[in-house]
There are 2 protein chains.
Amino acid sequence: MPSLLKIRKVGIDTYHENIAYMPIGCEICKSQGFGALSKIEIHSAKKSILATLNMTENGLVQMGEIGLSNIAFERLGLADGNEVTLSHPDPLLSTLFIRQKLDGFSLNKEKFLTIVKDILSYRYSNIELTAFVVACTHQRLSEREIGDLTEVMIETGERVDWGLPLVLDKHSVGGLPGNRTTMIVVPIIAEFGLPIPKTSSRAITSPSGTADTMETLANVRLSVAEMKQLVTEENACIAWGGALALAPVDDIIISVERPLNLDSEGQMVASILSKKRAAGSTHLVLDIPIGPTAKVRSVKDANRMKKYFENVGKRIGIKVRVVYTDGSQPVGRGIGPYLEAQEVLKVLKEDPLGPADLRDKSIFLAGELLELSGKVRKGKGKEVAAQILHSGKAYEKFMRIVEKQGGMKELAPARYTYEVINLIDGEVRSIHNQKIAQVAKLAGAPHDPRAGVYLYAKLGDRVQQGGALFRIYAENEEELQLLSNMFRLILTLCR
Amino acid sequence: MPSLLKIRKVGIDTYHENIAYMPIGCEICKSQGFGALSKIEIHSAKKSILATLNMTENGLVQMGEIGLSNIAFERLGLADGNEVTLSHPDPLLSTLFIRQKLDGFSLNKEKFLTIVKDILSYRYSNIELTAFVVACTHQRLSEREIGDLTEVMIETGERVDWGLPLVLDKHSVGGLPGNRTTMIVVPIIAEFGLPIPKTSSRAITSPSGTADTMETLANVRLSVAEMKQLVTEENACIAWGGALALAPVDDIIISVERPLNLDSEGQMVASILSKKRAAGSTHLVLDIPIGPTAKVRSVKDANRMKKYFENVGKRIGIKVRVVYTDGSQPVGRGIGPYLEAQEVLKVLKEDPLGPADLRDKSIFLAGELLELSGKVRKGKGKEVAAQILHSGKAYEKFMRIVEKQGGMKELAPARYTYEVINLIDGEVRSIHNQKIAQVAKLAGAPHDPRAGVYLYAKLGDRVQQGGALFRIYAENEEELQLLSNMFRLILTLCR
């Protein structure tokens, strides 16, 4: 008979990893050869889970007990003190598929489904998860595979049905600090009269996502019922998509992409389109900023992605229009949730000090979306969008959305600031998107929404010795001090 | 001022991963945005380490404290209650190199060194580690890169100097159950009079490594001093190499390869050659078994590896002779530490019931090694080796080595056995190396050294309905029961 062990919730949050804790020298570990990092299978009468083992000493877990991390305890669904047995797990079939992919073979939809189900039932440790993510990077997925993976990601999550024939959406592949067009496009479209229930993401590797920026003004944690109410009344909402369990495998995949700062083209297409489809979108304008330090660096790369977005979109029933925009520098001047939100408000209010590039780009994207919907004649979209913005109606619409999402929150900029001063006279020839984003992140964005960077100088600007290039906002004086030494990295100046 | 936290060893063994434990809701986590799986940097006056954060509740760690896993505590080198500060870690430069490799670029030696140093200073979590391993799989490393990585692995570990001009060695790339030629080759070479201080590995994904098999007879945890003593007296030892910290990064890399069942060609070459060089070997015979279910499946693959082994060997100063052998089925009949050791003893004793294939292969490899040393004329090696074996001197030499390594241990086979019976008359046309190895592993090998499989029928043998195909040995009756249903998978019979 296999030995019975009593389970105990030790109270450790390991995020998505099932970790089990057993005392060093316990009988079953000796007889079964289990040790730190061993993969074990834990069986109850109802359910089995896989877990990675950590060994404990000092009585943290008693002999005859097995401690479980929060997620493992929750997945097993038993009470403290219930009994389980252990075994060596069968090898996971789906890791074979990962090896096949690494060996250059194609995977079919069934194999992707097996992998995704294993991920969602927490059978993967970070090791298997990383191997899968890496196996899919750098053009290793064909268009057919991207489509298969997209469908699998949709089918394994929740889906929203708005009961509407037309649901508009916009998305940017990212990589450009300050690129907060969503908060301007949405009220324009809504004011025009078309439904755009926007779900946005938080920052993954950037200083702010649209959800982070919107959150400085209003509540973004909306239920589907609340979103539907808003869409009925105002045609729009701007919510955080993460609460909806759309394409949930994506969030787990992102958790390993983040520390690697890795973006996989195929997974990006699958991730974006699956979330859009699950969110019920029917028409999508997809913004690909192109620039030497943007996520997409050449028209050639953009063309390949455009094809994937359009064809996979068609396969899953979304009409996708891909547009290319200038990705050579940040959009607007503020970077970080609070600073970006202030820029958005300036554009909506038609403040003459508002960033012209953010305004123009928003009008362009709104125009494209209006034309894609078929409700505005081709070539007329931009004009219509500009009119709505200039009329002040987009601002009013936005303020109503904010109000119905529990806003308008009042927030001040961060306490400590540091101005990076230019050492020479010259002209700004390039701005490194990632490096300036990193400064904003090191200053505390997005976890401190008031932290960030405000750019005084942008491309083509003449700067003079002793003048300010940009200002850093931070809540922590010491972090700010460290940052003040970094500025030479950021702007390349020519005399 | 950043807040001070008191460190506490919570007594959790996480193997090579630095894990830190902090209470949910602690001030610093809120202000810094730290959560489960956040990467943090822990600073003391002397030293900084990187760690991955797990959040705790139920008072496991108190407010104002930070708990550390055993390895993290050890790496920091402080006492319980000492104070540290936390910060967001700088992004690891070397993960950029991993992305470059994933993007198809070559890495130079300096970049490999940066990566390996980050691994050895425990700055990588399993996520970064897996990404590096996967980035190097499936022919993604050039010969130049394999050489660079090999040198880096040698330079970052301990090295043994035997003070001898000639140090012989043999190695098999593995994948073949029962392939225990080392324990026969070593006493032949030693009896001939040449030094062969053998360091062997334990099983990684197999039912037994040479060190596991030898350990059923003698102690294999030898210090360098003990090994030197044995080499002086007997020209040879058969020790576990893992205790010597040769190419230590290899063991960490292997810990992520194992759950993926992944073998990277380039890393295999670097791993083997770096350990041999660090172990002071000058002449190496390298056995590549080729077969449909062996690690190397075609002569084409073997030719590519041969070139890598020979050229990288030359670069680091080892004369390598690569030989191809039959990898179509296990060597001998016993699989698992105890059963293999018994086969070795039979061959050394010239027992007529001993496995002829193990004997012939051992004589062949010993002959090649004698010729490679330059001390035996080309074409004469096999004859000389056979003579030494037949004379009984190799057996005597082996017994002296065992004795000086604290043997001869007495061990019995496992308690429970199950014979897999043939259902039809036929001839054995193929044996699946990995599947039969898996049976032995599921039976408990190598953690239970007495568990394993004994093959009654091998390739070409006629088997009759009702006759035994193989016998499974296990310590656990229930595991044996589960196994008894698997046998149909193993042998493909033709009528």
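Residues numbered from 1 in each chain as written. Chains lettered and ligands numbered in written order. Predicted model: local features only at pLDDT ≥ 70, side-chain atom pairs only at ≥ 80, totals over all residues. Heavy atoms only, no water.

Before going further, it helps to spend a moment on the overall build of chain A. The helix and strand tally for chain A stands at 18 helices and 19 strands. Taken over the C-alpha trace, chain A has a radius of gyration of 25 Å; the compact-globule value for 495 residues is 23 Å, and the two agree within 12%. Taking the principal axes of the C-alpha coordinates as reference, chain A spans close to 80 × 55 × 45 Å. Looking at the 495 residues of chain A, the share that counts as buried comes to 58%. Summarising the internal contacts of chain A: among those between residues at least 6 apart in sequence, 80% fall at separations of at least 24. Surface accessibility of chain A: about 19300 Å² in total, with carbon and sulfur atoms responsible for 49%. (Helix = DSSP H or I, 4+ residues; strand = E, 2+ residues; numbered from the N terminus. Rg over C-alpha atoms; globule rule 2.2 N^0.38 Å. Buried < 20%, exposed > 50% of the residue type's maximum accessible area, 1.4 Å probe, protein only. Contact = heavy atoms within 4.5 Å. Areas by Shrake-Rupley, 256 points an atom, 1.4 Å probe, with all protein chains shown as cover.)

Residue and element names in this part refer to chain B. Here three strands make up an open sheet; going across it, the order is β8-β11-β12 and the pairing parallel. Each edge of the open sheet is held by one strand with a lone partner, namely β8 (168-172) and β12 (319-326). Sheet twist, expressed as the mean angle between neighbouring strand axes with direction ignored, is 20°. Taken together, the five bridges between β8 and strand β11 (residues 283-290) define a ladder with parallel strand orientation. The residue bridging His171 from the neighbouring strand is Leu286, located in β11. Against the sheet, helix α12 (residues 299-316) contacts β11 and β12, and its axis sits at roughly 160° relative to β12. (Pairing = 2+ DSSP bridges. Axes fitted to C-alpha atoms, helices over the stretch in contact; angles between N-to-C directions.)

It is worth spelling out the relation of the copies chain A and chain B at this point. The second copy of the chain is related to the first by a rotation about an axis and a shift along the axis. Rotating chain A by 179° and translating it 0.1 Å along the rotation axis places it on chain B, where the RMSD comes to 0.1 Å. In symmetry terms, the pair is related by a two-fold rotation axis. When the interface residues of chain A are mapped onto chain B, 100% of them again lie at the interface, so the same face is used by both copies. (Least-squares fit on C-alpha atoms with pLDDT ≥ 70 in both.)

This paragraph deals with the sheet that holds strand β11 (residues 283-290) of chain A. Residue and element names in this part refer to chain A. In spatial order, the strands read β8-β11-β12; together these three strands make up an open sheet with parallel pairing. Both edges of this open sheet fall to β8 (168-172) and β12 (319-326), since each of them pairs with a single strand only. Between one strand axis and the next, the sheet turns by 20° as a mean value, whatever way the strands run. Docked against the sheet, helix α14 (residues 356-372) engages β8, β11 and β12, running at close to 145° with respect to β11.

Turning to the interface of chain A and chain B, a few remarks are in order. Listed by partner, the interface residues are 48 residues for chain A and 48 residues for chain B. For the pair chain A and chain B, the two sides together bury roughly 4300 Å², of which 58% comes from carbon and sulfur. Our count for the contact surface shared by chain A and chain B stands at two salt bridges. Note that Glu57 of chain A and Lys9 of chain B form a salt bridge whose closest N and O atoms lie 3.5 Å from each other. Here chain A and chain B share 11 residue pairs in polar contact (both at pLDDT 80 or more) between them. (Buried area = accessible area lost by both parts, 1.4 Å probe. Salt bridge = Lys/Arg side-chain N within 4 Å of Asp/Glu carboxyl O. Polar contact = N/O pair within 3.5 Å; in protein donor to acceptor, adjacent residues only side chain to side chain.)

Residue and element names in this part refer to chain A. Counting buried positions along strand β10 (residues 236-240) gives five out of five residues, so the element sits mostly inside the fold. Taken together, the five bridges between strand β9 (residues 196-200) and β10 define a ladder with parallel strand orientation. Each bridged residue has a counterpart across the sheet, and for Ser200 the counterpart in β10 is Trp240.

Residues and elements named next belong to chain A. Summed over the entire model, instances satisfying the criterion amount to 73 salt bridges over all chains. Salt-bridge contacts for Arg180 lead to Glu340; the nearest nitrogen and oxygen are separated by 2.7 Å. In this pair, Arg180 is assigned in the loop between β8 and α7 (182-192) and Glu340 in helix α13 (residues 337-348), connecting sequence segments 160 residues apart. Note that Glu427 is salt-bridged to Arg462, the shortest N-O span being 4.0 Å. With Glu427 in strand β15 (residues 426-431) and Arg462 in strand β17 (residues 462-463), this residue pair connects regions lying 35 residues apart in the sequence. Look at the salt bridges and you will find they share partners, linking Lys109, Arg144, Asp148, Glu151, Glu155 and Arg315 into a network.

Okay, unusual backbone geometry next. Residues and elements named next belong to chain A. The omega torsion across Gly407 and Met408 is -10°, close enough to zero to call that bond cis. A cis amide bond links Ala445 to the next residue, Pro446, at an omega of 0°. The phi dihedral of Ala247 falls on the positive side, at around 45°, and the residue is not glycine. Mapped onto the elements, Ala247 comes out in the loop between β10 and α10 (249-260).

All names here are of chain B. Residue position: Glu343 is located in helix α13 (residues 337-348). Looking at Glu343, its side chain comes within polar contact range of the main-chain nitrogen of Gly334, at 3.2 Å. Every residue in contact with Glu343, bar those within four places of it in the chain, is listed here: Gly332, Arg333, Gly334, Pro355, Leu358 and Tyr454.

Looking now at helix α12 (residues 299-316) of chain A. Residues and elements named next belong to chain A. Compared with the 26 Å implied by 1.5 Å per residue over 18 residues, the 25 Å span of α12 between its first and last C-alpha is a close match. Of the positions making up α12, those classed as buried are Ala302, Arg304, Met305, Tyr308, Phe309, Val312, Gly313 and Ile316. The arc enclosing the buried residues of α12, seen along the axis, measures out at 160°, which places them on a common side. Away from the buried face of α12 by more than 90 degrees, exposed residues Lys300 and Lys314 are located. Contacts from the buried residues of α12 go to α6 (143-155), α11 (265-278), β11 and β12. One or two positions beyond α12, positive phi appears at Gly317, with a value near 90°. (Expected span 1.5 Å × (residues − 1). Arc of directions from axis to C-beta.)

What follows concerns the packing of α6 of chain A against α11 of chain A. Two quantities define a packed helix pair, namely the angle between the axes and the distance from one axis to the other. All names here are of chain A. Put simply, α6 and α11 touch, their axes get as near as 8 Å, and they point 40° apart. Considered as vectors, α6 and α11 are oriented oblique to each other. Crossing angle aside, the handedness with which α6 passes α11 is right-handed. Between α6 and α11, the residues in contact are Ile146, Leu149, Thr150, Met153 and Ile154 and Gly266, Gln267, Val269, Ala270, Ser271, Leu273, Ser274 and Arg277, respectively. The class makeup of the residues in the contact of α6 with α11 is seven nonpolar, five polar and one charged. (Parallel < 35°, antiparallel > 145°, perpendicular 65-115°, else oblique. Left-handed = near helix turned anticlockwise from the far one by under 90°. Nonpolar A, V, L, I, M, F, W, Y, C, P; charged D, E, K, R; others polar.)

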